[in-house]
Amino acid sequence: MSLTSHSAVVRRLIVSPGPAPQEQAPVVASATAVSAVLRAFGRSPEDLPARTVVLIGSSAVDPGLGAEHEGFTVRTAATAGLALRRAHHELQEGTADLVLVAGFGEPDSQTITVYAVKRAAEAMAEGDAVLGVLDVTAPHSPQAAPPLRPVGQNPRGTDPDRHRLILWSGRTADDEVRVRAELLPMLGGIHREAYPALPTAVPCGTQPGPIRGAAVAVSTLAARAVHQARAVDVSRSRPVALLFPGQGSQHAGMAAGLYRREPVFTAAVDAALAHMGEEGSRVRADWLNPQSAAIGIDDVRRAQPLLFAIDYALGRMILSWGVRPTAFLGHSAGELVAATFAGVVSLRDAVAMVQARVREAVKIPAGGMLAVAASEERLRPYLTDGVGIAAVNANQQVMLAGSDQPLGEVADRLRADGLTVVTVPATSPFHSPAMAPASDAIEIDYRDIPLREPKLPLYSGYTGTLMSPEAARSPRFWADQITDTVHFRNALDELLAADDVLLIEAGPRQTLTAFARRHRSVRLGAGAVCPLLPARPGTQEADRQSVLNAAARLWTEGHDLDLNAIARLWTWSDDDASAAAGTRTPPLPAEALVA
């Protein structure tokens, strides 16, 4: 079953809009009833997605009920079945990100059954408890509710030769020593086929203690890894902030080792690419088959859409472990991912913003970017009308950008003067004056995007400070992102000054991790950083091993993880013959009902 072509019911609840005027009078679709629907699941309407639609399934509608109520679109259908089918259409057409379907008079004349319906892949990626997917193709009367099909059990593919995570803890140092001593003989004598089935954390069924250890290993090395691991006292855990890298971090096959091997990551990638239409399928094909890719990974048409999908999926995977980040910071295009998690923009609209950037960027003459080991002040004499400072990432790490010819001339001058210059993998001159025409064009597109103020702290790599509500809601702010300098160093200064945090880089390579490690706070131990993926391209198993190392770090930082979610990294797989051939079966249906 393909998630991306279905809608899912994620919640279903029976509500009463209030006492009926007469005991047997049926409830009428009125403004009061719609208000009850908007609050059916205990959330304030302000917390609902901007593109929320209320669909009324009732033959009794108050003539005074308008097409909008409390800022949300209201539509009507004769029956709840028709309303559910309309919900599927709304989600597929992109006119809604959440549809609240209200079946008036269900299950009796005094009540309303409210269904929360979302795109299935997004529901799975966001950790919703999906009740089932709507099968709108089933041969039933159009008036009837479409059947609700189960998503099915997660496919399993336990491989004894894959890396897995082993966690243990104790109430005291002596207790940790005892637990480890009991664990070691078990690992030394276990048959390799049984290794994946071992409990993730020891002791089982008890609250984790403050003295913790962790090891990532294959079965043959597990005992040695546990024996050599260092126990850590985690009496105080650092809060987590997520970092999202932008263009320049991409590489062929990045994070491919997680696709079809981790369900939340897979669903999130599918959800993001599905919003790109047919282009999303081409992006996926080039990603999974880089040797036969139609467009190279460094081309903006591949780098930015795929980086967005990968960054977003990694962030969703972290959240599925039970980690609740307290802040977000994105670099350049990564700022759109950060804004999605902070509640500024929906996934669909964020993807539309990325596509607008790409569409206009390809109209700009070819250019590129340079990473230079020097200060901003040192580089100013080298700037020309066609070359600008693209990013200030650290004290001695600055990026320049511009069109090909002037940028090449500047690079020659820098090298002649003995400066270290590295070409950044990019084909467009982002964050330079050359992008001004693209900036003006995408601002027009962005005016149609519903933008909200951040619900969680969002540090802007563009302004170098905490993003204000005014900036978050400004189309001009987001359009200027592609021309102006990225002040990542300043944003990191503010983030690390606010708290002693654990920074997790949710993206390929370890570019932002390297910048953060140079920061004074991190060097002094008043902050820490951990990457999710390897520093350079490697095997698919290396992707999974790196992610498991990050999970181990979170555990030994004192975060209590969802152990079932973590275990899927070595017990879940939906690989099949088509995957081996480099193709993939269509994603899950687009709409799902969630509990």
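Rules behind the numbers
- Residues numbered from 1 in each chain as written.
- Predicted model: local features only at pLDDT ≥ 70, side-chain atom pairs only at ≥ 80, totals over all residues.
- Heavy atoms only, no water.
- Helix = DSSP H or I, 4+ residues; strand = E, 2+ residues; numbered from the N terminus.
- Rg over C-alpha atoms; globule rule 2.2 N^0.38 Å.
- Buried < 20%, exposed > 50% of the residue type's maximum accessible area, 1.4 Å probe, protein only.
- Areas by Shrake-Rupley, 256 points an atom, 1.4 Å probe, with all protein chains shown as cover.
- Lys, Arg positive; Asp, Glu negative; His and termini not counted.
- Charge placed at Lys NZ, Arg CZ, Asp CG, Glu CD.
- Expected span 1.5 Å × (residues − 1).
- Polar contact = N/O pair within 3.5 Å; in protein donor to acceptor, adjacent residues only side chain to side chain.
- Core = buried A, V, L, I, M, F, W, Y, C linked by side-chain atoms within 4.5 Å.
- Contact = heavy atoms within 4.5 Å.
- Pairing = 2+ DSSP bridges.
- Axes fitted to C-alpha atoms, helices over the stretch in contact; angles between N-to-C directions.
- Salt bridge = Lys/Arg side-chain N within 4 Å of Asp/Glu carboxyl O.
- Parallel < 35°, antiparallel > 145°, perpendicular 65-115°, else oblique.
- Nonpolar A, V, L, I, M, F, W, Y, C, P; charged D, E, K, R; others polar.
- Phe/Tyr/Trp six-rings, centres within 6.5 Å; stacked < 30°, edge-to-face > 60°.

Undergrad: Teacher, can you tell me more about the overall build of the protein here?
TA: When you go through the protein residue by residue, the secondary structure sums to 21 helices and 23 strands. Taken over the C-alpha trace, the protein has a radius of gyration of 26 Å; the compact-globule value for 595 residues is 25 Å, and the two agree within 12%. Referenced to the eigenvectors of the C-alpha coordinate spread, the extents of the protein come out at roughly 85 × 65 × 50 Å. Looking at the protein residue by residue over its 595 residues, the buried ones come to 57%. As displayed, the protein offers around 23,500 Å² of accessible surface, 51% of which is attributable to carbon and sulfur atoms. The average position of the 55 basic charges and that of the 63 acidic charges among the side chains of the protein differ by 4 Å.

Undergrad: Would you mind going over helix 8 (residues 300-320) with me for this structure?
TA: Since the α-helix turns once every 3.6 residues, residues separated by three or four places project in the same direction. A rise of 1.5 Å per residue sets the reference length of helix 8, with its 21 residues, at 30 Å; its end C-alpha atoms lie 30 Å apart and thus fit the reference within 8%. Most of helix 8 is tucked away: 20 of the 21 residues are buried. Its side-chain oxygen at 2.8 Å from the backbone nitrogen of Arg-301, Asp-299 defines the N-terminal cap of helix 8. At the exit of helix 8 stands Gly-322, carrying a positive phi of roughly 95 degrees.

Undergrad: How should I be thinking about the nonpolar core in this particular structure?
TA: One recurring pattern in soluble globular proteins is that nonpolar side chains are buried together. Counting residues in hydrophobic clusters, the biggest one holds 120 residues, and the most contacted among them are Phe-265, Phe-308, Trp-321 and Trp-478. If we skip the residues at most four places from it in the chain, Phe-308 touches Ala-272, Leu-336, Val-337, Thr-340, Leu-347, Ala-350, Val-351 and Val-354.

Undergrad: Could you clarify how one ought to interpret the sheet that holds strand 11 (residues 211-217) in this entry?
TA: Think of a sheet as strands paired side by side through backbone hydrogen bonds, with each pair either parallel or antiparallel. The strand order across the open sheet built from four strands is 10-9-11-12, with neighbouring strands paired in mixed fashion. Across the chains shown, the open sheet's two edge strands, defined by having one partner strand only, are strand 10 (201-202) and strand 12 (232-233). Contacts between helix 19 (residues 540-556) and the sheet are confined to strand 9 (164-170), strand 10, strand 11 and strand 12, with strand 11 contributing the most and set at about 175 degrees to the helix.

Undergrad: Got a minute to help me understand the sheet that holds strand 17 (residues 397-403) in this structure?
TA: Reading across the sheet, the four strands line up as 16-17-15-18 and stay open at both edges, with antiparallel pairing between neighbours. Only two strands of the sheet have a single neighbouring strand rather than two, namely strand 16 (387-394) and strand 18 (421-424). Neighbour-to-neighbour, the strand axes of the sheet open up by a mean angle of 25 degrees, direction not taken into account. Bridge count for strand 16 against strand 17 is six bridges, and the pairing is antiparallel. Looking at the pairing, Ile-389 lines up with Leu-400 of strand 17.

Undergrad: When you look at the pattern of salt bridges in this model, what are you seeing that I'm missing?
TA: Where charged atoms from two side chains of opposite charge approach closely, those side chains can pair. Tallied over the entire structure, the rule returns 36 salt bridges. We note a salt bridge from Asp-440 to Arg-476, for which the minimum N-O separation is 3.4 Å. With a gap of 36 residues between them, Asp-440 in helix 13 (residues 436-446) and Arg-476 in helix 15 (residues 475-480) connect regions that are remote in the sequence. By relative accessible area, which is 45% here, Asp-440 ends up partly exposed. Through salt bridges with shared partners, a single ionic network connects Asp-440, Glu-443, Arg-447, Arg-476 and Asp-480.

Undergrad: Hey, could you run me through the pairing of strand 13 (residues 240-244) in this one?
TA: Two faces belong to every sheet, and in a regular strand the side chains alternate between them. A large share of strand 13 lies buried, amounting to five of its five residues. Relative to strand 21 (residues 502-505), strand 13 runs parallel, the two being bridged by four bridges. Among the inter-strand pairings, Val-240 is bridged to a residue of strand 21, identified as Leu-502. Relative to strand 14 (residues 327-330), strand 13 runs parallel, the two sharing four bridges. Counted as the bridge partner of Leu-242 is Phe-328 from strand 14.

Undergrad: Can you help me understand the packing of helix 6 (residues 263-274) against helix 7 (residues 278-288) in this one?
TA: The description of two packed helices rests on the angle between their axes and on the distance between the axes. Contact pair helix 6 / helix 7: the axes reach a minimum separation of 8 Å and the direction vectors enclose 135 degrees. When the axes of helix 6 and helix 7 are compared, the pair comes out oblique. Contact residues: helix 6 offers Phe-265, Val-269, Asp-270 and Leu-273, while helix 7 offers Gly-280, Val-283, Arg-284 and Trp-287. Of the residues belonging to the contact of helix 6 with helix 7, the class tally is five nonpolar, one polar and two charged.

Undergrad: Even after reading the chapter, I still don't get the packing of aromatic side chains, so can you show me in this structure?
TA: The geometry of an aromatic ring pair comes down to the distance between the two centres and the angle between the two planes. With the rule as written, the count across this model stands at eight aromatic pairs. Ring plane angle 5 degrees and centroid distance 6.3 Å describe the contact between Phe-308 and Tyr-312, whose orientation is recorded as stacked. Taken as a pair, Phe-308 and Tyr-312 lie in helix 8 at a separation of four residues, close to a single helical turn. Residue Phe-308 is classed as buried on the basis of its relative accessible area of 2%.

Undergrad: What's the story with unusual backbone geometry in this structure? I'm lost.
TA: For residues besides glycine, phi is generally negative; the peptide bonds are generally trans as well. Cis geometry is adopted by the peptide bond preceding Pro-107, which originates at Glu-106 and carries an omega value of 0 degrees. For Pro-107, the position within the fold is in the loop between strand 5 (98-104) and strand 6 (112-119). Put simply, Val-202 and Pro-203 share a cis peptide bond, and its omega is 0 degrees. Among the structural elements, Pro-203 can be located in the loop between strand 10 and strand 11. Non-glycine residue Glu-70 carries a positive phi angle of around 55 degrees. Tracing the backbone shows Glu-70 in the loop between strand 3 (68-69) and strand 4 (72-77). Overall, the relative accessible area of 35% leaves Glu-70 in the partly exposed class. One non-glycine residue with positive phi stands out, namely Ser-332, at about 55 degrees. Note on placement: Ser-332 falls in the loop between strand 14 and helix 9 (334-341). When its relative accessible area of 9% is taken as the criterion, Ser-332 is described as buried.

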